[in-house]
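Now for the letters of each chain:
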Protein chains: 2
Amino acid sequence: MTGDYEIIIIGGGPAGLTAALYVAMSRRRALLLEKALLGGQIVNADRIENFPGFPSGVGGMELAELMQKQAGRFGLESSYTEVTGLAAEDAGYLVIAEDARISARTVIVAGGSEHQKLNVPGEAEFVGKGVSYCATCDANFFRDRTVAMVGGGNAAVTEALYLTRFASRVYLVHRRGELRATRVLQERAFAEPKIVPVLDTVVEQVRGDSAVRELLLHNVRTGTDSPLKVDGVFVAIGFRPNTGYLRGFLDLDPQGQVMTGARLDTNRPGVFAAGDIRSNSGRQAVIAAGDGAAAALFAEEYLRGA
Amino acid sequence: MTGDYEIIIIGGGPAGLTAALYVAMSRRRALLLEKALLGGQIVNADRIENFPGFPSGVGGMELAELMQKQAGRFGLESSYTEVTGLAAEDAGYLVIAEDARISARTVIVAGGSEHQKLNVPGEAEFVGKGVSYCATCDANFFRDRTVAMVGGGNAAVTEALYLTRFASRVYLVHRRGELRATRVLQERAFAEPKIVPVLDTVVEQVRGDSAVRELLLHNVRTGTDSPLKVDGVFVAIGFRPNTGYLRGFLDLDPQGQVMTGARLDTNRPGVFAAGDIRSNSGRQAVIAAGDGAAAALFAEEYLRGA
C-alpha cells in the first residue's frame, strides 16, 4: 500500500467494486480502500430482487462476493483501512488513511452512506441489546418475540417482511399516514398478518433494563403518547453519506452528499463520486454499480487527457 | 396496447428492461415498446465480462433473457412496434407508433443507439455479402477466411479477438496511430498472432463481385492508397442514437443524443432518458441498467408529485 497510484477508489460497495472491475480491466495502477467489509450496504440485504440479471433474486452477501471475485479476476488490489482525509498535492491528491498517506492522480469517492439514527433517548444505550439497524444480521435473536420496525420506505418494509420469518409480531412504525415503499411491497406487508402498521407515529424513547422492553410512541395526528411493549426495535429510516472527511474539500449538498456533474466529476478535477454518496443517487445497488463503471471510464479519460 | 398508461418505456435494452423491472415492482400501469428484439445491443455480444455479478462473464443473449424474465416476473407488459413520434398532449404525452397512438403521463426514452456506418462506396451494396456490423452474428461465415475489423475501441478489439476463433487472419484497421481500447484488450490483441494491426488507415471503398473481395485502404500518415484482400469486413466504429423522431421535441446534443439533467430529466417535464441514447452515457450495459432504474425512480417521483 505504499507508492503512487493512478486511481484510488474509496469504498468497496457496488459502486467501488464495479469501478474497481473497470479500472482493473484497464490495467491502471489502482487501489481500493474499504474500512469494513467489501460489499457495502448490500451485505445487509437478505435478498435483492431488483438487481438486473438475477430473475429469482440474489442474496446481498452473495452478490457482494460475486462482484469481489469478478474484480479480483482482473487483479484488483485492495486494502482495509478507513480514509480520514483527502488533500490536493502537485501531481494529484493525497489520500490520508488510518495508517498510511497515499498519492493518487485520480480519486473515485464511493464511500456510500450509513444508517440514519432515531436520535432519541435510550437508542444508543440499547444498541446490541434490542436496538438494531440490520434485520438480516439480528433477526435470529428475536424468534417468537415482538419487534418494531421504524420506517416506511422500501428498506423498512422489506426488512419487516423478513422479520416475520422470525418474530411473532412486527409493528411497522411510520411517521406518516402512508408508507413510501413500492406498492408491491406495501401489498405484501398488508397481506402479512404478523405485520401491524402503526402510522402517523414517531418513537420518542427506547426503554428497558438489561434489554429493550418498550417504546414510548407519539401519535403526531392525535398528539397522544403511549407505550408499546417490544423485545427489539429495528431502524430503517435512511442513510447519512460518509462525507465527514470531505467537508470543505468537495462541494456537498445540504444533506452532505457530494455534488457531481454530468460526468460524475466534482469541484476537484480528477476527483469523481459514485453511488449512494453522491447527490441525486437513487440508493439502489444497480444504480451504484452503473455509477462505478461510469466514474471509472471518466477517470480513465481524465488520465489519458492529463 | 390500447388505453392510457402511467409510464411508457421506449426501447428494450438493459436500460429499458431495468426501468421496466422497477416500474413493474411499483405496480404502475406501464408498457415497454421495442421495435426488434428485447435486449438491445447486448444480444450482439458473445460474452460480457464487465457486468457486475457475473465473475465468469455472461453471454449477451443470456443476460438479455435473464433481465426479460425478471421484469416479466413482476408483470411486465410489452409490445413489438417501432415508435415514430412523440408529442405533448394535455394529460402528458402521445406516443406515436407504427400501428397505434398511445397516451402516457410519463415517458422513458431508452432506445439506445445503432451501428455507425463507414459511409464509403460498396458498403451498403455488400451488407450481408461480406459487410457486417455484428461479429457474434456472422463470424461463423468466415471460418478459415481473411477478414478486416474496422475500429479501435473496446467493441472493435473485443470482436476482433472473437473473430480469431473463426477466421485465419483478422486485420484490425484503425484510423489513428493508437487503439482506444483498454490496455487489457490491447495486450490480448497484440498477443494474438492472427490479429494484424493496420493503423493510421481508413477504408475508402469496399470492392467485390458476388461478395466482398478487397478493401481500398488509405494511409492517412503517408497519403498512399493500397488494396487489401479480404473475404469480409466487420465495422465497429460507434453508434448513432435512435433519436430521429425526437428531433425538435427533445433537446439533443451535437451527436444527436438526448440532453439530460441530474435526474435524467429532459426539457419536457415527465420525459426521462436512460442508457446509450443520452448524452454522456458510457455505453456499457451496467451503466444503461443503472440509468433505467434511476429513470424509473424519477418517473415514479414525478407521478407521485403530479
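Residues numbered from 1 in each chain as written. Chains lettered and ligands numbered in written order. Predicted model: local features only at pLDDT ≥ 70, side-chain atom pairs only at ≥ 80, totals over all residues. Heavy atoms only, no water.

J.: I'm lost on the overall build of chain A in this one. Help?
T.: Helix and strand counts for chain A stand at six helices and 17 strands. Taken over C-alpha atoms, the radius of gyration comes to 21 Å for chain A, in line with the 19 Å a tight globule of 306 residues would show. Based on the C-alpha atoms only, the size of chain A along its principal axes is roughly 60 × 40 × 35 Å. A buried classification covers 58% of the 306 residues belonging to chain A. (Helix = DSSP H or I, 4+ residues; strand = E, 2+ residues; numbered from the N terminus. Rg over C-alpha atoms; globule rule 2.2 N^0.38 Å. Buried < 20%, exposed > 50% of the residue type's maximum accessible area, 1.4 Å probe, protein only.)

J.: Hey, could you run me through the packing of aromatic side chains in this one?
T.: By convention here, two paired aromatic rings are described through the distance between centres and the angle between planes. According to the stated counting rule, one finds twelve aromatic pairs over all chains in the structure shown. Centre to centre, the rings of Phe142 of chain A and Phe234 of chain A are 5.5 Å apart; their planes meet at 75°, and the pair counts as edge-to-face. Of this pair, Phe142 of chain A sits in the loop between helix 3 (135-138) and strand 9 (146-150) while Phe234 of chain A sits in strand 15 (residues 232-235), and the two are 92 residues apart along the sequence. Site record: aromatic cluster; members linked through ring pairs are Phe51 and Phe54 of chain A together with Phe51 and Phe54 of chain B. Positioned over the ring face of Tyr5 of chain A is Arg29 of chain A, at 4.5 Å from the centre of the ring. Above the face of the Tyr133 of chain A ring, Lys117 of chain A is positioned so that its terminal group lies 5.1 Å from the ring centre. (Phe/Tyr/Trp six-rings, centres within 6.5 Å; stacked < 30°, edge-to-face > 60°. Lys NZ or Arg CZ within 6 Å of the ring centre and 35° of its normal.)

J.: Any chance you could explain the pattern of salt bridges here in plain terms?
T.: Where side chains of opposite charge bring their charged atoms close, a pairing between them can arise. Counting across every chain of the model gives 26 salt bridges over all chains. The partner of Arg145 of chain A in a salt bridge is Asp231 of chain A, with the nearest N and O atoms 3.5 Å apart. Taken as a pair, Arg145 of chain A in the loop between helix 3 and strand 9 and Asp231 of chain A in the loop between strand 14 (225-229) and strand 15 lie far apart in primary sequence, 86 residues in all. We classify Arg145 of chain A as partly exposed; its relative accessible area is 36%. In this structure, Arg28 of chain B engages Glu300 of chain B in a salt bridge whose closest nitrogen and oxygen atoms are separated by 3.0 Å. Taken together, the residues Arg28 of chain B in the loop between helix 1 (14-25) and strand 2 (30-34) and Glu300 of chain B in helix 6 (residues 285-305) connect sequence positions 272 residues apart. Among the charged side chains, a network of salt bridges with common partners joins Glu6, Arg28 and Glu300 of chain A. (Salt bridge = Lys/Arg side-chain N within 4 Å of Asp/Glu carboxyl O.)

J.: Got a minute to help me understand the interface of chain B and chain A in this structure?
T.: Listed per partner, the contact involves 45 residues of chain B and 45 residues of chain A. When chain B packs against chain A, close to 3,900 Å² is buried across both sides, 56% of that on carbon and sulfur atoms. For the interface between chain B and chain A, the tally reads 22 residue pairs in polar contact (both at pLDDT 80 or more). Contributing elements (two or more residues each) for the side of chain B that touches chain A: helix 1, helix 2 (60-73), helix 5 (183-191) and helix 6 of chain B. Take the side of chain B that touches chain A: its biggest share by element is nine residues, from helix 6 of chain B. Considering only residue class, the side of chain B that touches chain A consists of 22 nonpolar, twelve polar and eleven charged. (Contact = heavy atoms within 4.5 Å. Buried area = accessible area lost by both parts, 1.4 Å probe. Polar contact = N/O pair within 3.5 Å; in protein donor to acceptor, adjacent residues only side chain to side chain. Nonpolar A, V, L, I, M, F, W, Y, C, P; charged D, E, K, R; others polar.)

J.: Just to check I follow, could you spell out the nonpolar core for this structure?
T.: Most often, soluble globular proteins keep nonpolar side chains buried together rather than apart. Grouped together as the largest cluster of nonpolar side chains are 86 residues, with contacts concentrated most on Phe51 and Ile108 of chain A together with Phe51 and Ile108 of chain B. Filtering out sequence-adjacent residues up to four positions away, Ile108 of chain B remains in contact with Ile7, Ile8, Ile9, Ile10, Ala19, Phe272, Ala274, Ala295, Ala296 and Ala299 of chain B. (Core = buried A, V, L, I, M, F, W, Y, C linked by side-chain atoms within 4.5 Å.)

J.: Quick question: what am I supposed to make of the pairing of strand 4 (residues 83-89) of chain A here?
T.: Residues in a regular strand project their side chains so that they alternate between the two faces of the sheet. Residue and element names in this part refer to chain A. For strand 4 and strand 5 (residues 92-97), the ladder comprises six bridges, and the chain directions are antiparallel. Following the sheet pairing, Gly85 is matched in strand 5 by Ile96. Here strand 4 folds back onto strand 5, and the loop between the two strands holds two residues. (Pairing = 2+ DSSP bridges.)

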